Amino acid sequence: MSDLYLVFKNLTRNKLRLILSCFAIFIAFLLFGVLGSVQKVFDSGEEASSDTRLMVVNKINFTQPLPIAYVNKIKAIEGVASVTYANWFGGYYKEQKNMVPTFAVDQDTYFEVYNNFVVDPAQLQEWQNTRTGLMVGRVTANQWGWKVGDKISLSSNIFSQKTGGQTWEFNIVGIFDGENPQVDTSGALLHYKYFIETQTFGSDWVGWIPLNTTEAALNDSVANAIDEQFANSPAETKTSTEAQFAKAFIEQLGNIGFILTSVVSAAFFTILMIVANTMALAVSERTNEIAVLKTLGFSAKRIFGQVLSESLLLSIIGGLFGLGLAALLVTGASQAPQLKSFLPTLMFPTEIWLKGFAYMLLLGFVTGFFPAYNAMKLNTIDALNRS
């Protein structure tokens, strides 16, 4: 009689208990898979950030503007390799619920600084030479079915046209991709000069100034030099790495990582208690049978291995079903138009599978070790005398 057969028979002896235990584990890993994928989206901006890219914003708040004259002054600082500038447009397509992250940027320098975007050279040149041209990210293009050559209208929920209304007409002249899946390719880029000349107020300000340093070791010195240059000015600056900027931006919504981790941890702790209690009860009910097996020549180590394998198999079955459904839900949600604007890089990464399987083994070991140990140390004579 093989050990695998005995493990299977013991595990399926009480089918209701098996189903309920698997369901509890299933829920824990379903939450882990879904929430882990969502957290990965919020972390992607920080993880995909360039080591040499800095962000210059207004010290008061990044929603406050900076004088456009700062751009040339920053360009002259030693250690700065390239500089660009951008402004938030606040775009939506047809209806306000159809948000399109849209930025007014300097068409000549933007892709020099953001070199983690991939764009066809011919499309880039066409965009640079077309005043009303729009460069669209791959995610947004796929979301709305846009293609090069299309003429579309984007409205701003912040700015108004000098001629009246809040809608601008654009020609899609290019589509850009990311150098890897973590790079966010949602949104659209329009000419800053076209935007600033056609909207109703201001012409000498920008929203923020991204730049690349010549090497990461110079980041601190360059950041300090920029902030010192504009200290005590009407628009003081705060310069940080792109990763720090992305983290600060996300934290405006709250500590997403802490919230998601707390939810998953609470679920796992609860499941740990449930499964540990279930395994202890299952082994306790089989005290006499374990004694008989030992009498028939089953070694203590063999008994230990059988009980621990039971716990591991239970954890793996429930965990795989939970992660499997989580992968299906995340993959389906990533195709939903409403979520593409909010979670553009949503996917179910291999990392979740690997971590999930490691947690299955850990859960199975923790919940099965002590019942298995007690079974291994069980005194045969005492156990046979129980009834």
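Quick look at the structure, then. Nothing here was measured: the structure is a model prediction, and the numbers come from that model.

### Some remarks on the nonpolar core
Burial of nonpolar side chains together is a common tendency in soluble globular proteins.
Then, number 1: Formed by 40 residues in total, the largest nonpolar core has its most connected members in Ile74, Leu134, Leu154, Phe195, Ile209 and Leu211.
Then, number 2: Setting aside anything within four residues of it in sequence, one finds Phe195 in contact with Asn87, Phe89, Ala104, Phe159, Leu190 and Trp205.

### Thoughts on unusual backbone geometry
What is expected of a backbone is that most residues other than glycine have negative phi and most peptide bonds are trans.
Then, number 1: For Lys94, which is not a glycine, the phi torsion comes out positive at approximately 70°.
Then, number 2: Along the polypeptide, Lys94 turns up in the loop between strand 5 (91-92) and strand 6 (99-100).
Then, number 3: You can call Lys94 exposed: its relative accessible area is 66%.
Then, number 4: Within the chain, Asn232 stands out as a residue other than glycine whose phi angle is a positive 65°.
Then, number 5: Inspection of the secondary structure puts Asn232 in the loop between helix 8 (219-229) and strand 15 (237-241).
Then, number 6: Given the relative accessible area of 75%, Asn232 is considered exposed.

### What about the sheet that holds strand 15?
In any sheet, the strands associate via hydrogen bonds between backbone groups, in a parallel or an antiparallel arrangement.
Then, number 1: Within the open sheet, the four strands sit side by side as 3-14-1-15. Their pairing is antiparallel. A single partner strand is all that each edge strand has here, and the edge strands are strand 3 (80-83) and strand 15. Averaged over neighbouring strand pairs, the angle between their axes works out to 30° when direction is ignored.
Then, number 2: Along the sheet face, helix 8 touches strand 1 (53-58), strand 3, strand 14 (209-213) and strand 15 and points at about 170° away from the line of strand 15.

### Re the packing of aromatic side chains
Then, number 1: Applying the stated criterion across every chain yields a total of 30 aromatic pairs.
Then, number 2: When the ring of Phe111 is compared with that of Phe117, the centres are 6.2 Å apart and the planes differ by 75°; the resulting orientation is edge-to-face. An identical accessibility class is assigned to Phe111 and Phe117; each is buried.
Then, number 3: Ring centres of Phe304 and Phe369 lie 5.8 Å apart, and the angle between their planes is 80°; this geometry places the pair in the edge-to-face category.

What counts and how
Residues numbered from 1 in each chain as written. Predicted model: local features only at pLDDT ≥ 70, side-chain atom pairs only at ≥ 80, totals over all residues. Heavy atoms only, no water. Core = buried A, V, L, I, M, F, W, Y, C linked by side-chain atoms within 4.5 Å. Buried < 20%, exposed > 50% of the residue type's maximum accessible area, 1.4 Å probe, protein only. Contact = heavy atoms within 4.5 Å. Helix = DSSP H or I, 4+ residues; strand = E, 2+ residues; numbered from the N terminus. Pairing = 2+ DSSP bridges. Axes fitted to C-alpha atoms, helices over the stretch in contact; angles between N-to-C directions. Phe/Tyr/Trp six-rings, centres within 6.5 Å; stacked < 30°, edge-to-face > 60°.

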